[in-house]
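Residue-level structural notes
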Amino acid sequence: MACIPSIIEATLSRFTCLECQRLDEAIECLRNYCFHASVVMAVSAVEARITEIVRRHDQSLYNSQFAKATLGQLVQLFDENHYTEAKFSDLKALMPGKHEPLVTLLNQYRVFSAHPKPEKITKQISEAIIRLSFTFMIDPATCPYEEDELKCT
């Protein structure tokens, strides 16, 4: 059985430096009671990851359809009721089904946090969003990077 530090190191090795910085900032915001900012930063790491998954899979389609897409638009890509044309079918298959409701929820709380909404963002919500963001990002199926791209310099 692998020792716990090795498991943690292997898990964290699936993040780029930028993703680590965003997640670290989310945690720092949480520690400083900046719950809205914490949610925005955690979900921005997820958004960057989804953007990269789509871009790497089909650069041409990414450039024409998603280069300026919001997270909400990217989330719709994985909804069976949106982007129904055949040219999107390969992209739709990139998102593990178990993560579709997760990214929808993350986007919803990002909207609550980044825009003036009456929704209260508590410490518990902020913690949950950070954990759910990690859940999405540690899944090997959501890591589009080569090993050499994950080394921080």
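Residues numbered from 1 in each chain as written. Predicted model: local features only at pLDDT ≥ 70, side-chain atom pairs only at ≥ 80, totals over all residues. Heavy atoms only, no water.

Quick notes on the overall build of the chain
Counted only if it meets this: Helix and strand labels come from DSSP, where a helix needs a run of H or I of at least four residues and a strand needs a run of E of at least two; each type is numbered from the N terminus. Radius of gyration: over C-alpha atoms. The globule rule applied is 2.2 Å multiplied by the number of residues raised to the 0.38 power. Throughout, exposure labels follow a simple rule: accessible area from a 1.4 Å probe, protein chains only, divided by the maximum for the residue type, with under 20% read as buried, over 50% as exposed, and the rest as partly exposed. For accessible areas, the Shrake-Rupley method is used with a probe of radius 1.4 Å. Any residue's cover is judged against the shown protein chains and nothing else. Counted as positive: Lys and Arg. Counted as negative: Asp and Glu, with His and the chain ends omitted from the count. Each charge is placed at NZ for Lys, CZ for Arg, CG for Asp and CD for Glu.
Helix and strand counts for the chain stand at eight helices and zero strands. Reading the chain from its N terminus to its C terminus gives the helix and strand order α-α-α-α-α-α-α-α. Rg of the C-alpha trace for the chain: 16 Å, near the compact-globule value of 15 Å for 153 residues, within the 12% margin. Principal-axis analysis of the C-alpha atoms gives the chain an extent of 45 × 45 × 30 Å. Looking at the 153 residues of the chain, the share that counts as buried comes to 39%. Accessible surface, the chain: about 8900 Å² in total, of which carbon and sulfur atoms supply 54%. Here the chain holds 16 positive side-chain charges and 20 negative ones, and the gap between their average locations is 5 Å.

Some thoughts on the environment of Q73
Quick reminder of the rule: Whether two residues are in contact is decided by their heavy atoms: any pair within 4.5 Å suffices. What qualifies as a polar contact is a pair of N or O atoms within 3.5 Å, subject to a donor-acceptor requirement within protein and to the restriction that residues adjacent in sequence count only when both atoms come from side chains.
Checked against the element boundaries, Q73 lands in helix 5 (residues 71-77). Assessed through its relative accessible area of 33%, Q73 is described here as partly exposed. As a C-alpha pair, Q73 and N107 span 34 residues in sequence and 9.9 Å in three-dimensional space. With residues up to four places along the chain from it excluded, the contact list for Q73 reads K68 and Y83. Here T70 takes part through its backbone nitrogen, which lies 2.7 Å from a polar atom of the side chain of Q73.

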